[in-house]
Amino acid sequence: MILNIETSTDCCSAALTHEGEILEERIEKQNMNHARLIAPFADECMAYARARGLKPEAVAVSIGPGSYTGLRIGLSLAKGLSMGLDIPLIGIPTLQILAVKAMFRRFDWEGDELLVPMLDARRMEVYTAVYDFALNALEEPHPLILEADSFDTYLRQGRKLIFMGNGSDKYRELLPESRQVVYMSDIVPTAASMMALSEKAQREQRYIDIAYSVPEYLKEFQATVPRNKVLGNV
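These numbers come from a predicted model, not from an experiment. The residue numbering used here restarts from 1 in each chain and proceeds along that chain's sequence as written. Given that this is a predicted model, residues contribute local features only at a pLDDT of at least 70 and side-chain atom pairs are listed and counted only at 80 or more, while totals for whole chains, interfaces and linings are drawn from all residues. The side-chain numbers reported here are obtained from all heavy atoms of the structure, hydrogens and water having been left aside.

K.L.:
Help me understand the state of the cysteines, please; the structure alone is not making it clear to me.
P.N.:
Should the sulfur atoms of two cysteines be covalently bonded, the bond is a disulfide. We call a pair of cysteine sulfur atoms a disulfide when they lie within 2.5 Å. Going through the model one piece at a time under the given rule, you end up with zero disulfides. The cysteine Cys-11 is free of any disulfide, with Cys-12 supplying the nearest cysteine sulfur at 7.2 Å. Among the residues examined, Cys-11 registers a relative accessible area of 2% and is labelled buried. To sort residues, take the accessible area from a 1.4 Å probe on protein chains only and compare it with the maximum for the residue type: under 20% means buried, over 50% means exposed, and anything in between is partly exposed.

Listed below in structure tokens is the structure:
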């Protein structure tokens, strides 16, 4: 049994899972209310376990990339729960969550397609990676400024590319959908969709350090001046 926490995008969620089954789930898909909602969501999942005399064996959290604030909130809560319950902490790469969710969205894949998750990183930049269906990384997670030929190497090889996540609509403007290109921009990372990855990590006992682990931001935070403040000074 694992308590999963996901706060990397606008979506905020917690899910209690056990051997491929979602026992309890709470989710809010809009408005970035992570600071207000994620702790109650996790507590409601824990209440389900307590009412049945159960205790999670681990806490899993989406480790990034994604929203700087969201990732910090999720990891801080996960660390506190891990320490308080005296159970290990699992960190799940956010881009892998997207890739796995796309993988299970349809059942007509041939298996040699490449999964390209994309998270919005402002303007024409995204956080992305390239995985095969065994989740081997042909490209490790990295920030990328999108250009029309960003993935031409794979297209010239005849590979079919599946783009998913809230950053993929940006690329659709540069590379239209075709027989080789599929877009699934409505896929968002959720706590429930972490289940396969967190249970695999638990079986393999792949944990992260409770005290010293940090989110995988992939690039440094850059503060910006609110637009209304700039206009007010003109």
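K.L.:
I tried to follow the pattern of salt bridges on my own but got confused; where do I start?
P.N.:
The rule for a salt bridge is simple: a side-chain nitrogen of Lys or Arg has to be within 4 Å of a carboxyl oxygen of Asp or Glu. Applying the stated criterion across every chain, the model contains 11 salt bridges. A salt bridge links Glu-177 to Arg-172; the nearest nitrogen and oxygen atoms lie 3.5 Å apart. In this structure Arg-172 comes out as partly exposed when scored by relative accessible area, which is 31%. Glu-204 is the salt-bridge partner of Lys-200, the closest N and O atoms lying 2.7 Å from each other. Here the salt bridges share partners, and the residues they tie into one network are Glu-24, Arg-26 and Glu-44.

K.L.:
Mind showing me how you'd approach the nonpolar core here?
P.N.:
One broad trend across soluble globular proteins is that nonpolar side chains are buried collectively. Membership of the largest hydrophobic core comes to 24 residues, with the highest contact counts inside it found for Leu-3, Ile-5, Leu-16, Ile-38, Val-59 and Leu-81. Listing elements by their share of this core, those giving two or more residues are strand S1 (2–6), strand S2 (12–18), helix H1 (34–51), strand S4 (58–64) and helix H2 (68–85). Among residues more than four places away in sequence, those in contact with Leu-81 are Leu-3, Ile-5, Ala-42, Val-59 and Asp-86. If you look at the next biggest cluster of nonpolar residues, it comprises 18 residues, including Leu-95, Leu-119, Ala-121 and Val-182. By convention a nonpolar core is built from buried Ala, Val, Leu, Ile, Met, Phe, Trp, Tyr and Cys residues, the set being connected through side-chain atoms within 4.5 Å. Runs of E in the DSSP output that reach at least two residues are strands. Runs of H or I that reach at least four are helices, and both are numbered from the N terminus. Only heavy atoms matter for contacts: two residues are in contact if any of them lie within 4.5 Å across the pair.

K.L.:
What should I look at first to understand the side chain of Thr-17 in this one?
P.N.:
With respect to the helices and strands, the residue Thr-17 is situated in strand S2. Counted as a polar contact is a pair of N or O atoms within 3.5 Å, where, for protein atoms, one must be capable of donating a hydrogen and the other of accepting one, and residues adjacent in sequence contribute only when both atoms are in side chains. Here the side chain of Thr-17 touches Asn-4 through a polar contact of 3.0 Å, side chain to side chain.

K.L.:
Would you explain H2 in this entry?
P.N.:
An α-helical turn contains 3.6 residues, so a residue and the one three or four places further along point in the same direction. Every helix has an expected span of 1.5 Å times one less than the residues it contains. The terminal C-alpha atoms of H2 lie 26 Å apart, and with 18 residues this matches the ideal 26 Å at 1.5 Å per residue to within 8%. Along H2, the residues classified as buried are Tyr-68, Gly-70, Leu-71, Gly-74, Leu-75, Leu-77, Ala-78, Lys-79, Leu-81 and Ser-82. In this structure, the buried side of H2 is in contact with S1, H1, S4, strand S5 (89–93) and strand S7 (125–131).

In short, shape yes, function no, at least from these values alone.
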